[in-house]
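Topology and contacts: notes
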Amino acid sequence: MRVLANAIIIGVLLALGAALFWGVGDFLIQKTTRHLGDWETLFLISLTGSIIIAPFVYSSLGAALSNRSDLFLLLFIGAVQFTEALINFEAYKRGKIAVIEPVLSLEIPIVAVLSLIFIGEALAPIEYILIIALMFGIMLVSIKSYYLTKFDRLEKGILLGVASGTILGISSFVIGFGSRVTNPLVVIWFISINITVYTAIYLAYTERLHKLIRDTRKRPLLILSTGLFDNGAWLAYAAATVLLPITIAVALSENFIIVAALLGLVVAKERILSHQKIGLAIAVVCTIILAYLVKGI
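Residues numbered from 1 in each chain as written. Predicted model: local features only at pLDDT ≥ 70, side-chain atom pairs only at ≥ 80, totals over all residues. Heavy atoms only, no water.

**Here we look at the overall build of the protein chain**
Worth spelling out the cut-off: Note on conventions: DSSP H or I runs of at least 4 residues are helices, E runs of at least 2 residues are strands, and numbering of each starts at the N terminus. Burial here depends on accessible area, computed with a 1.4 Å probe over protein chains only, as a share of the maximum for the residue type. Under 20% is buried, over 50% is exposed, and the range in between is partly exposed. Should any heavy atoms of two residues lie within 4.5 Å, those residues are considered in contact.
Within the protein chain, the secondary structure is distributed over 14 helices and zero strands. Counting from the amino terminus, helix and strand elements in the protein chain follow one another as α-α-α-α-α-α-α-α-α-α-α-α-α-α. Buried positions account for 52% of the 297 residues belonging to the protein chain. For the protein chain, contacts bridging at least 24 residues in sequence account for 89% of all contacts bridging at least 6.

**Brief notes about the environment of I272**
Along the chain, I272 turns up in the loop between α13 (256–267) and α14 (274–295). Note: C-alpha distance between I272 and A261 (11 residues apart in sequence) is 8.9 Å. Leave out the neighbours within four places in its chain, and I272 touches L262, L265 and K277.

**Here's the deal with the nonpolar core**
Threshold: Among buried residues, those of type Ala, Val, Leu, Ile, Met, Phe, Trp, Tyr and Cys that are joined through side-chain atoms within 4.5 Å constitute a nonpolar core.
Counting residues in each nonpolar core, the largest one holds 66 residues, and the members touching the most others are I175, I188, Y237, L244 and I248. The contact partners of I175, leaving out residues within four places of it in the chain, are I77, Q81, V187, I188, I191, W234, Y237 and A238. Counting six residues, the second-largest nonpolar core is a separate cluster that includes F43, L44, L203 and I223.

**Quick look at the packing of helix α3 (residues 68–94) against helix α8 (residues 158–181)**
In plain terms, the rule: Here an axis means a line fitted to C-alpha atoms, over the contact stretch when the element is a helix, while the angle between two N-to-C directions is reported on a 0 to 180 degree scale. Note that the term roughly parallel is reserved for angles under 35 degrees, roughly antiparallel for angles over 145, roughly perpendicular for angles of 65 to 115, and oblique for everything else. The hand of a helix crossing depends on one turn: near helix anticlockwise from the far one by less than a right angle means left-handed, and clockwise means right-handed. Classification convention: Asp, Glu, Lys, Arg as charged; Ala, Val, Leu, Ile, Met, Phe, Trp, Tyr, Cys, Pro as nonpolar; all other residues, Gly among them, as polar.
Two elements in contact, α3 and α8, have axes whose closest approach is 8 Å; the angle formed by their N-to-C orientations is 150 degrees. As judged from the angle between their axes, α3 and α8 are roughly antiparallel. Along this stretch, α3 crosses α8, giving a crossing that reads as left-handed. Class assignment for the residues of the contact of α3 with α8 results in 15 nonpolar, seven polar and four charged.

**Looking at the pattern of salt bridges**
Spelled out, the test is: For salt bridges, the criterion is a side-chain nitrogen of Lys or Arg within 4 Å of an Asp or Glu carboxyl oxygen.
This structure, assessed with the given rule, holds three salt bridges. K211 is the salt-bridge partner of D215, the closest N and O atoms lying 2.7 Å from each other. Of this pair, D215 and K211 both sit in helix α10 (residues 209–218), four residues apart, which is roughly one turn of that helix. Exposure remark for D215: the relative accessible area of 7% places this residue in the buried category.

**Points about empty space enclosed by the protein**
Inclusion rule: Lining residues are those with an atom within 4 Å of a point, where the points come from a 1 Å grid over the protein atoms alone and group into cavities, where a 1.4 Å probe fits but cannot get out, or pockets, open sets with protein on both sides within 12 Å along at least five of seven lines. Grid points are joined across faces, edges and corners, and a volume is the space filled by probe spheres set on the points.
Here the structure, examined in full by the defined rule, presents one cavity of 30 Å³ or more. Considered as a void within the structure, the largest cavity measures approximately 320 Å³ in volume. Lining of the largest cavity is provided by 22 residues; of these, W22, Q81, E84, D230 and W234 occupy positions nearest its centre. For the lining of the largest cavity, the per-class residue count stands at 13 nonpolar, five polar and four charged.

**Some thoughts on the side chain of S115**
Assignment of secondary structure puts S115 in helix α5 (residues 107–119). Look past the residues within four positions of S115 in its chain and what remains in contact with it is G120, E121, F173, I246 and T247.

**Section: helix α2 (residues 38–66)**
Selection rule: What a helix is expected to span follows from its residue count: subtract one and scale by 1.5 Å. Think of it this way: the bend at a residue is just the angle between two axes, each fitted to seven residues, one set ending at that residue and the other starting at it.
For α2, with 29 residues, the first-to-last C-alpha span of 33 Å runs short of the 42 Å given by 1.5 Å per residue. Maximum bend of α2: about 70 degrees, positioned at V57.

**Structural notes on unusual backbone geometry**
The residue E207 is not glycine, and still its phi comes out positive at about 55 degrees. Relative to the assigned elements, E207 resides in the loop between α9 (184–205) and α10.

**A closer look at the confidence of the model for the protein chain**
For clarity, the cut-off: What pLDDT conveys is the predictor's confidence in a given residue, as a value from 0 to 100.
Per-chain confidence: the protein chain averages 86 in pLDDT, with 90% of residues scoring 70 or above. Mean pLDDT values over the elements of the protein chain span from 52, in helix α7 (residues 145–149), up to 95, in helix α11 (residues 220–243).

**Focus on the packing of aromatic side chains**
Here is the rule: Ring geometry is summarised as follows: Phe, Tyr and Trp rings, the Trp one being its six-membered ring, pair when their centres sit within 6.5 Å, and such pairs are stacked at plane angles under 30 degrees, edge-to-face over 60 and tilted between the two.
Summed over all chains, the structure comprises 10 aromatic pairs. Here the aromatic rings of W234 and Y237 are separated by 6.0 Å at their centres, their planes lie at 85 degrees, and the arrangement is edge-to-face. In this pair, W234 and Y237 are both assigned in helix α11, three residues apart and thus about one turn of the helix distant. Accessibility classification places W234 together with Y237 in one group, the buried group. An aromatic cluster of at least three residues, connected via ring pairs, comprises W22, W234, Y237 and F256.

What follows is the structure, encoded as structure tokens:
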């Protein structure tokens, strides 16, 4: 029983760690895509993951690749994540983080539905209530007063944000499911190597590799930091889904939106408005209670 409790605590910490890494990672991704482009940023992040994780999965690849069902699942996960990443990066490039981030919380109900349908993973009613309240708090934190009063037009990137949140929900579920079938390191490495190949072919075909090499030399620290934070987030999340219900792991890691908002406060010197303070309080309280309840599973 103590071993199970410790595993759940580790899962909660991993999910919250993923939130921290994603919050910083998304902030860096927006900067990187505006300097380099969508395909270039995706290639560099995936290449970083492929290189760093490779030594840790070498001994496990044979078993994963020799099983036809596992291989098909990994290929499917890679394709879904590739599609989601491209749409997500384009949304960040066209829009504002404050507009895009709230929409990404769509992934939580999508993951909850998929988890219930495909693996029969149901939560207690109080947990669903807390997750809904957490989503509400996160949205309050990331929405500024300007966006509460301007409904005459859609903000740039908002439709891409909706598409990204939807596909992100599918991606988060299949990554969690795949991590249980194989292991988190294999899943994230396979995603990275697949996307590296896809993007390298496209960049070579469009003759953009030479320019990418030149641009990479100008901002090595930004590019390396982006790759480390984004891959670290996915690894932490994938590991959390093995120890926690996938919906809970997603809900806790969704706090990356709060991290991104706080980065805006610190880096861009933005002011936290009254409704954002309320949202922050709601999100923090719900996260603490949800983590406490999960501990008692």
